[in-house]
Number of protein chains: 2
Amino acid sequence: MKKETITGKHGYQIDADIAFKDVIPANYDILVISGGRGPEKMRLNKDALEIVKYFFKENKPVAAICHGPQVLISAGVIKGRKATCWPGIRDDIIAAGALYEDKEVVIDGNLVSSRSPSDLYAFGREMISITKHL
Amino acid sequence: MKKETITGKHGYQIDADIAFKDVIPANYDILVISGGRGPEKMRLNKDALEIVKYFFKENKPVAAICHGPQVLISAGVIKGRKATCWPGIRDDIIAAGALYEDKEVVIDGNLVSSRSPSDLYAFGREMISITKHL
């Protein structure tokens, strides 16, 4: 959420370049929402949700994997969209109106989604692909 | 899911007396669904969802805390019901049609729900209370 060093669940550290509140979404070509336990916090951050809404409003590429689609539910952008996610949150994206598909990668317009780390190859391939089409 | 010794995320072990598939729900007075990461697995188990549906159909007491309401979403029993949950899944129960309230404990008929471990006192008090009323 802030510009700081963060530690992932497996102990790897990464420096966050910028806080959500300071992001100017027009400056970015793609939004990638990863999984794990981060999305349950990110979805409660209003600045993060504004970034998501901007990407959908402008039809810019968004890629979400595993628990990442939780953020799309909170941003109110998943209704009527074909998507996939981690099996444990499948019924949540369905309840939010997504058209769930059990596939390694699902593409619907500006949105690319995958289920789990084992889908990462297809996820990466398609997220790069849509940046060329949109 | 099975009759076995399970280890919680803080390392405590407990012996599961019975597998979901062997439970006869009519033999129990209350269903308590705890939180953590278990509900994301429990909600994918058909036998577990049948137990939940039985308790709602028979108007028997159900208590769910933290991530527990994820199971209620998957069982299709939360629509139109007043409930609360862990903040990180708030938007999921709302998308599923629950009437969300940000309170330490919410009671709606046979359903008692709470947000987090800090609500445990109120949660325990009200779950015992409904077993006397229903």
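As the structure is a prediction and not an experimental result, all values here were calculated from the model.

**Considerations on the overall build of chain A**
Then, in step 1: Secondary structure summary: chain A contains five helices and eight strands in total.
Then, in step 2: Its helices and strands taken in sequence order, chain A reads β-β-β-α-α-β-α-β-α-β-β-β-α from the N to the C terminus.
Then, in step 3: Computed over C-alpha atoms, the radius of gyration of chain A comes to 14 Å, within 12% of the 14 Å expected from 2.2 N^0.38 for 134 residues, which places it in the range of a compact globule.
Then, in step 4: Counting only C-alpha atoms and orienting by the principal axes, one finds that chain A spans roughly 35 × 35 × 30 Å.
Then, in step 5: Taken over 134 residues, chain A has a buried fraction of 40%.

**Topic: the interface of chain B and chain A**
Then, in step 1: Contacts between the two partners involve 12 residues from chain B, matched on the other side by 12 residues from chain A.
Then, in step 2: Among the secondary structure elements, those contributing two or more residues to the side of chain B that touches chain A are helix H1 (39-42), helix H3 (69-75) and helix H4 (90-95) of chain B.
Then, in step 3: Of the residues belonging to the side of chain B that touches chain A, the class tally is five nonpolar, two polar and five charged.

**Comments concerning the sheet that holds strand S7 (residues 106-108) of chain B**
Residues and elements named next belong to chain B.
Then, in step 1: One open sheet accounts for four strands, arranged S3-S4-S8-S7; its pairing is mixed. Looking along the sheet, the strands with just one partner apiece sit at the ends: strand S3 (31-33) and S7. Averaged over neighbouring strand pairs, the angle between their axes works out to 15 degrees when direction is ignored.
Then, in step 2: Contacts from helix H5 (residues 120-133) reach S3, strand S4 (62-65), S7 and strand S8 (111-114) within the one sheet, and its direction differs from that of S8 by about 175 degrees.

**Examining the sheet that holds strand S4 (residues 62-65) of chain A**
All names here are of chain A.
Then, in step 1: If you trace the four strands from one edge of the open sheet to the other, you get S3-S4-S8-S7, paired in mixed fashion. Looking at strand neighbours, the two that pair on one side only are strand S3 (31-33) and strand S7 (106-108), the edges of this open sheet. Neighbour-to-neighbour, the strand axes of this sheet turn through a mean angle of 15 degrees, independent of strand direction.
Then, in step 2: Contacting S3, S4, S7 and strand S8 (111-114), helix H5 (residues 120-133) crosses the sheet at an angle of about 175 degrees to S8.

**Observations regarding the relation of the copies chain B and chain A**
Then, in step 1: Of the transformation placing chain B onto chain A, the axial shift is 0.0 Å and the rotation is 180 degrees, giving an RMSD of 0.0 Å. As the rotation angle and translation indicate, the two copies are arranged about a two-fold axis.
Then, in step 2: A share of 100% of the interface residues of chain B reappears at the interface of chain A, consistent with the copies meeting face to face through the same patch.

**Examining H5 of chain B**
Residues and elements named next belong to chain B.
Then, in step 1: With 14 residues, H5 ought to run about 20 Å at 1.5 Å a step, and its terminal C-alpha atoms sit 20 Å apart, in line with that.
Then, in step 2: Every buried residue of H5 is listed here: Phe123, Glu126 and Met127. The arc that holds every buried residue of H5, seen down its axis, measures 105 degrees, which confines them to one face. In H5, the exposed residues that point more than 90 degrees away from the buried face are Tyr121, Arg125 and Lys132.
Then, in step 3: Where the residues of H5 are buried, they touch S3, S4, S7 and S8.

**Looking at the pairing of S4 of chain B**
Residues and elements named next belong to chain B.
Then, in step 1: In S4, alternate side chains face the same way, and those of Val62 and Ala64 on one face and Ala63 and Ile65 on the other are all buried.
Then, in step 2: Across three bridges, the pairing between S3 and S4 is parallel. By the bridge assignment for S4, Ile33 is matched with Ala64.
Then, in step 3: Of the strand pairs in this sheet, S4 and S8 are connected by four bridges, and their pairing is parallel. Paired with Ile65 across the bridge in S8 is Ser114.

**Some points on helix H2 (residues 46-57) of chain A**
Residue and element names in this part refer to chain A.
Then, in step 1: The first and last C-alpha atoms of H2 sit 16 Å apart over 12 residues, in line with the 16 Å expected at 1.5 Å per residue.
Then, in step 2: Residues Ala48, Leu49, Ile51, Val52 and Phe55 constitute the buried set of H2. Each buried residue of H2 sits inside an arc of 155 degrees when the element is viewed along its axis, so together they form one side. Those residues of H2 that are exposed and aimed more than 90 degrees away from the buried face are Lys46 and Lys57.
Then, in step 3: Check the buried side of H2 and you find it contacts S3, helix H1 (39-42), S4 and helix H3 (69-75).
Then, in step 4: Just beyond H2, the residue with positive phi is Asn59, at close to 60 degrees.

**As for unusual backbone geometry**
All names here are of chain B.
Then, in step 1: Phi at Asn59 takes a positive value of approximately 55 degrees, unusual for a residue other than glycine.
Then, in step 2: Look at Cys66: it is not a glycine, yet its phi comes out positive at around 55 degrees.
Then, in step 3: As for its placement among the helices and strands, Cys66 is situated in the loop between S4 and H3.

Cut-off values and rules
Residues numbered from 1 in each chain as written. Chains lettered and ligands numbered in written order. Predicted model: local features only at pLDDT ≥ 70, side-chain atom pairs only at ≥ 80, totals over all residues. Helix = DSSP H or I, 4+ residues; strand = E, 2+ residues; numbered from the N terminus. Rg over C-alpha atoms; globule rule 2.2 N^0.38 Å. Buried ≥ 20, exposed ≤ 12 C-beta atoms within 10 Å, placed from the backbone. Contact = placed C-beta atoms within 7 Å. Nonpolar A, V, L, I, M, F, W, Y, C, P; charged D, E, K, R; others polar. Pairing = 2+ DSSP bridges. Axes fitted to C-alpha atoms, helices over the stretch in contact; angles between N-to-C directions. Least-squares fit on C-alpha atoms with pLDDT ≥ 70 in both. Expected span 1.5 Å × (residues − 1). Arc of directions from axis to C-beta.

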